[in-house]
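# What the coordinates show
Residue-level listing of the chains:
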Amino acid sequence: MVYQTVLQRFRRIKEWKRKKVRFVYVSLNGLTSFAEIEDQIFGQLHPFRASKGFVLASKLFKGILRSSIRLDLDFDKDSSNDGSINTAFLEAVSDGSSEKSSDYFIIFDDLERCRIEIEAILGYINLLVEHQKVKSVLVAHENEVDKITVESENSNKIKDSKYRKIKEKVIGKSFQISVNFEQVTDVFINNVKDKFLRSYLAERKNLILDILEISGDKNLRFIQHSLWDFERLFLQGLNYFSTKKELLDDILMTFLALFFEVRSGRIIPEDIRDIEMFPFRLYQKSKNEKTANSRPIDACIDKYSFLRYKYSILGADNWIQFLQNGYLEESKIFDAIEKSEYFAEENTEEWIQLYHYREIEDDRFTNLLSSVIRDWRSRTYEIPPKVIHVSGIFLRLSKLDLFQESLDWIVADSKNYIDYLDEQGILKNYSDMNLSDNWDNLVFAAHETPQFKEIFSYFKEKLSSASKANLSEEALELLGILIENPGKFWRKISLGHMYDSSEIQEKQYHNIPILAEVNPRNFVDAILSVRNKDKLLVGYSIKDRYKFQSFPGNCDLISELDFLREVKLILTQECENRHDKPSGYNLNLIAKEYLEPAINKLEELSNLLKQSVDLTH
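Overview of the structure. Since this is a predicted model, take the numbers as computed values, not measurements. (Residues numbered from 1 in each chain as written. Predicted model: local features only at pLDDT ≥ 70, side-chain atom pairs only at ≥ 80, totals over all residues. Heavy atoms only, no water.)

### Things to note about the nonpolar core
Generally speaking, soluble globular proteins have nonpolar side chains that are buried together. Membership of the largest hydrophobic core comes to 99 residues, with the highest contact counts inside it found for Leu201, Leu233, Ile251 and Ile337. Broken down by element, this core gets its largest block of residues, 11 residues, from helix H13 (residues 245-264). What Ile337 contacts, discounting residues up to four positions off in sequence, is Leu238, Phe241, Leu247, Ile251, Ile313, Leu314 and Phe343. (Core = buried A, V, L, I, M, F, W, Y, C linked by side-chain atoms within 4.5 Å. Buried < 20%, exposed > 50% of the residue type's maximum accessible area, 1.4 Å probe, protein only. Helix = DSSP H or I, 4+ residues; strand = E, 2+ residues; numbered from the N terminus. Contact = heavy atoms within 4.5 Å.)

### Focus on helix H20 (residues 362-377)
Given a rise of 1.5 Å per residue, 16 residues ought to cover 22 Å, and the 23 Å separating the end C-alpha atoms of H20 matches this to within 8%. Turning to H20, its buried residues number three or more, namely Phe365, Leu368, Leu369, Ser371, Val372, Ile373 and Trp376. For H20, the secondary structure elements touched by its buried residues are helix H19 (350-355), helix H21 (384-399) and helix H22 (407-423). Of the residues one or two after H20, Arg379 is the one with positive phi, at around 55°. (Expected span 1.5 Å × (residues − 1).)

### A short note on unusual backbone geometry
Backbone geometry at Asp110 places phi at a positive 65°, although glycine is not the residue there. Its location among the elements puts Asp110 in the loop between strand E4 (104-109) and helix H6 (118-132). Overall, Asp110 belongs to the buried group, its relative accessible area being 6%. Not every positive phi belongs to a glycine, and Arg379 is a case in point at roughly 55°.

### As for the packing of aromatic side chains
Enumeration according to the criterion identifies 25 aromatic pairs in this entry. Relative to Phe452, the ring of Phe444 has its centre 5.6 Å away and its plane inclined at 35°; by these criteria the two rings are tilted. Pair check on accessibility: Phe444 and Phe452 agree, each one buried. Pairwise contacts between aromatic rings join Phe222, Phe230, Phe255, Phe259, Phe260, Trp319 and Phe322 into one cluster. Above the plane of the ring of Tyr417 lies Arg379, whose end atom (NZ or CZ) is 4.4 Å from the centre. Taking the ring centre of Tyr355 as reference, the NZ or CZ of Arg396 above it sits at 5.0 Å. (Phe/Tyr/Trp six-rings, centres within 6.5 Å; stacked < 30°, edge-to-face > 60°. Lys NZ or Arg CZ within 6 Å of the ring centre and 35° of its normal.)

### Quick look at the pattern of salt bridges
With the rule as written, the count across this model stands at 30 salt bridges. The residue Lys386 makes a salt bridge to Glu349 at a minimum N-O spacing of 2.8 Å. Residue Lys386 is located in helix H21, and its partner Glu349 is located in the loop between helix H18 (330-338) and H19; the two are separated by 37 residues in the primary sequence. Take Lys386: its relative accessible area is 14%, and that puts it in the buried class. Between Asp422 and Lys462 there is a salt bridge, with the nearest N and O atoms lying 3.9 Å from each other. (Salt bridge = Lys/Arg side-chain N within 4 Å of Asp/Glu carboxyl O.)

### Some thoughts on the side chain of Asp249
Mapped onto the elements of the fold, Asp249 is located in helix H13. Among the polar contacts listed, one links the side chain of Asp249 to the side chain of Arg204, at a separation of 2.7 Å. Once residues within four sequence positions are removed from consideration, Asp249 is found in contact with Tyr200 and Arg204. (Polar contact = N/O pair within 3.5 Å; in protein donor to acceptor, adjacent residues only side chain to side chain.)

In structure tokens form, the structure reads like this:
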């Protein structure tokens, strides 16, 4: 960006226009050798010869000539060699033409990103200037160059950096270029393709610049890349809400703050989850209670105070996904926004409205809280994650003195509610055993508090027990699925395959030891009944099932070890009966390539678990 400004200025010099000075641009970003620099220059001065057809010849030609001049460097004047350079490049590229080396003007950009030692690269440029009379300009972010060379010397003094010492000897004049961020931002905004968004961003230019100022990152690339990414987010679903500019403002502010912090490396996307706990830490600090260590997100929120209120419009998970992948499904954008305060209408469930307690007027808050408490006590909520959500909301409000029941009461009554769901047979029919810290695009309130963790752990235990109660009957159904639809069997027992949209709400068994309830002989008979190509699919699904099992995090399927051993034994016997048939080959492949690794994995986990138990005793 800066080099273009430099180039425009020097091209206006009348004498250089008359002499037809040839301008060459070299990006030093990531370069590790002088050969890479010369390849760039050669390609610009002789594009035809640098083309694919001439590349071998040009490399040979330049390789011979590079060895013709060797310059030893001694920048420190201590009689020791600080590096050496081989070059005769300009003789090579001129190739006998009437051009003189003084007819070239080379702009070297991105010095701070060059991977060649600072003394070597500056010596190389100095050689071109002094010995071959090449006009040259070096474009760099000097503070960044200083940081690199100071760190390499374990010194904190900028003046002691290698760059500063060498600069005095090889750089003639220095110019500081001040960027007009307002004008450059106008250019970036004008490059936005969507007409509405281009107009909207032009109106919000000062907002963009203000947040950049707050970030402390005066970086043109940050602005350019942030507008590219925001346009992508807009076209993925925000464009349907273009009439709600206040909503767009809040999302834009949040996006820019998070983008600048992530891009600068001060936070990582996963840190966004910690925003939820910020009000608690502030509240505890105000009451002189013991608080957790400061987290990276705390400094971020101190800088952008609006984050603690605005981030929840899309939610932590959605922000993390977009900042990591640059993509967010339209359905997730719709679901999140429709649950935000901007769409908190009468048809929005009251517990969701209460979730956004900070945006609710006092009278409305009192009425909502009373209504949610009534529904809680009458056990109206029958979807398990809703119960977990409301328990988290109660914990959050109690911690902030906005709900009068104690934390102990909330924990105890939440467990009673979970017991009620179990008694009503609701838990055994609930399929999602893979809940983490959110459900339905909303992070559970107070999810990091010990009280919530106690409730959530109790819920998972009850859910697991309820799911196991009907496993024998479900195991028979699973065998039927294996015979009728081996692909669906794979999707039922493993996380390694995407579910069909019609199966997402069905019960999955990827972390439920249902195979321990299956008769091994019946299982092998089911495998024998399917087509040969489907036999291998069933075998692969078994191997895939145990891929994500680990110690100590997830050892739920160890109880299936005896089942696998018996199945392998029966399959081996069947292989002998079919040794001259394709089915025998497939069964042998299943036993050795699929079942054996699964058995080894579970045996390893079982041994680790036993060792852990022995240590605790």
